[in-house]
Amino acid sequence: MSVTAIEATLDKSAALADTRASLPELIVVAAALKAHIADLLPAAETEADGLWRGGLEWCGLRARLDIARRHTSDDMPLSPLSAQVHVALLRRDCEWLLERYGTALTGVAS
């Protein structure tokens with residue numbers, strides 16, 4: 001997975017947010033975002049493992065990672081509006097992870 005591919009998915013999900021996207025379109029984008037998040041989470045987990053367990057920084061990072069994991073494990077809502085909200089949450093998680101851990105993708109196979 002490359003940073004360019006992730007950015008393209010983020011752009012597509014942002015564009016869908018401004019339209020009345022169909023449920024099939026949202027499902028495809030949600031799946032791509034979930035895959036990108038799965039690629040980025042190991043680097044974040046490694047950072048969390050290096051922090052003092054129980055410290056404020058560790059607690060904050062663990063909480064943020066738990067939210068991202070929960071969003072990726074949630075089923076896709078069948079209501080178009082709920083599906084758009086779900087994609088927006090996934091996009092936010094993916095953007096956050098990419099900003100902080102995108103450099104960890106260097107050397108990762110696409």
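For the structure, check the block above.
Let us look at the structure shown here. (Residues numbered from 1 in each chain as written. Predicted model: local features only at pLDDT ≥ 70, side-chain atom pairs only at ≥ 80, totals over all residues. Heavy atoms only, no water.)

**Comments concerning the packing of aromatic side chains**
For the coordinates displayed, the defined rule picks out one aromatic pair. On the basis of an interplanar angle of 65 degrees and a centroid distance of 6.1 Å, the ring pair of Trp 96 and Tyr 101 is categorised as edge-to-face. Over the ring of Trp 96 we find Arg 64; its NZ or CZ atom is 5.0 Å from the centre of that ring. (Phe/Tyr/Trp six-rings, centres within 6.5 Å; stacked < 30°, edge-to-face > 60°. Lys NZ or Arg CZ within 6 Å of the ring centre and 35° of its normal.)

**Here's the deal with helix 1 (residues 3-17)**
Taking 1.5 Å as the rise per residue, helix 1 with 15 residues should run 21 Å; its terminal C-alpha atoms sit 21 Å apart, in good agreement. Listed in full, the buried residues belonging to helix 1 are Ile 6, Thr 9, Leu 10, Ser 13 and Leu 16. Along the long axis of helix 1, the arc covered by the buried residues comes to 125 degrees, so they all point the same way. Counted as exposed and oriented over 90 degrees from the buried face of helix 1: Thr 4 and Asp 11. Buried residues in helix 1 make contact with helix 2 (23-49) and helix 4 (80-101). (Helix = DSSP H or I, 4+ residues; strand = E, 2+ residues; numbered from the N terminus. Expected span 1.5 Å × (residues − 1). Buried < 20%, exposed > 50% of the residue type's maximum accessible area, 1.4 Å probe, protein only. Arc of directions from axis to C-beta. Contact = heavy atoms within 4.5 Å.)

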